[in-house]
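The residues making up each chain are set out below.
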Amino acid sequence: MSTLKDIAEKAMVSVSTVSRVLNYDETLSVSEETRRRIFEVAEELEYTKHKRGARTEESAASSGESAEAATVGLLMTYPRSEELNDPYYLTMRLAIEAAARDYQVQWFAGFQDELELDSGPADGYIVIGPVQREQVSRLASVTSNLVFVEPVPWDNRFDIVIADLHDAMEQMLAYVHSLGHRDIAYIGGRDDDGYDGADRREEAYERWMQKRGWYDPQRVRIGRFSAEDGYRLTRELIEAGTRFTAVLAANDSMAIGAARALRG
């Protein structure tokens, strides 16, 4: 298992810096590039622990497969800095890039407006992040080979890879309740994807709590999926005098902010 020391050595920073960056310490003065490098190294070391052996051109040839690689465009619909606020996206990008190397797939990538669709020939695109209708239409006009790593609720023409967040939230609620909690608060967010409905985790929380007669809208706070809003929303719950004995956060970043707020 990778340690903070392993990450520090590879990122060429101190163990203390690694710890503070991964815990979103806002008092730490460090460049955005250093933060990004630490997050990328942390994800890389975690990934290689489970990584399959890379396939070479020789092994592909021996199995009767063509060594000629496909070319995939990897599009991130968020700005590069967003990966520092939500490591979920960073995890997805690095895993896809690693898989492309493993399977001898050529790829090129870009964030938000950094990459034009005609910047290189591609057999298809993988899109990470929330998308709006006009973005989907533009991509569809270029190729029908599209995979989205985010829900696209208004369009079922393409493959979509998502986690079952509804089930995951129900499992978390059941676990927290088994520890003796029923006054459970929730902090979550909204994606800028043109979809006005509630997030799947939020919907699962509301239904699960309502079914047991424990739902209280005063215990729900919605902002952005970031450590900063995790802190802000939890402070709002505390300062409003809302009764809760546990709080569930929509993602890891928000959880880090919530923990900081609860520590005072």
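Provided above is the structure to which this section pertains.
As the structure is a computational prediction, the values presented were derived from the model and not from experiment.

The rules behind the values
Sequence order as written defines residue numbering, which begins from 1 separately in each chain. Residue-level local features of this predicted model are given only where pLDDT is at least 70; pairs of side-chain atoms are given and counted only at 80 or more, and the full residue set underlies all totals for whole chains, interfaces and linings. Calculation of side-chain values draws on the structure's entire complement of heavy atoms; hydrogens and water are dropped beforehand. To pair, rings of Phe, Tyr and Trp, with the six-membered ring standing in for Trp, must have centres within 6.5 Å; the planes then decide the type, stacked if under 30 degrees apart, edge-to-face if over 60, and tilted in the middle. Helix numbers and strand numbers start at the N terminus; a helix is a DSSP run of H or I with at least 4 residues, a strand a run of E with at least 2. With a 1.4 Å probe rolled over the protein chains alone, any residue whose accessible area is under 20% of its type maximum counts as buried; one over 50% counts as exposed, and the rest are partly exposed. Two strands are counted as paired when DSSP detects at least two bridges linking them. Throughout, a contact is declared for two residues whenever any of their heavy atoms are within 4.5 Å. Note on definitions: angles span 0 to 180 degrees between N-to-C directions of axes, and those axes are lines fitted to C-alpha atoms, for helices only across the stretch in contact.

### What to know about the packing of aromatic side chains
Each aromatic ring pair is described using two quantities: the centre-to-centre distance and the angle formed by the ring planes. The tally for this structure, following the rule as stated, stands at seven aromatic pairs. Plain terms: the ring middles of Tyr186 and Tyr205 are 5.2 Å apart, the flat faces sit at 25° to each other, and that makes the pair stacked. Of the two residues, Tyr186 sits in strand β6 (residues 184-189) while Tyr205 sits in helix α9 (residues 200-211), which places them 19 residues apart along the sequence. Look at Tyr205 and you get buried, because its relative accessible area is 0%.

### With respect to the pairing of strand β1 (residues 71-76)
Every regular strand shows the same layout, with side chains that alternate between the two sheet faces. When you tally the buried positions in β1, you get five out of six residues, the bulk of the element. When β1 meets strand β2 (residues 106-111), the two strands line up parallel, connected through six bridges. Paired with Met76 across the bridge in β2 is Phe111. Across five bridges, β1 lies against strand β3 (residues 124-128) in parallel orientation. Bridge pairing in β3 places Leu75 opposite Val127.

### Overview of the sheet that holds β2
Strand order in the open sheet made by the five strands is β2-β1-β3-β4-β5, with parallel pairing throughout. Both edges of this open sheet fall to β2 and β5 (159-160), since each of them pairs with a single strand only. The pairing of β3 with strand β4 (residues 146-149) spans four bridges and is parallel. Paired with Val127 across the bridge in β4 is Phe148. Across the face of the sheet, helix α7 (residues 133-142) comes into contact with β1, β3 and β4 while running at roughly 150° to β4.

Without other data, these values stay purely geometric and don't point to any function.
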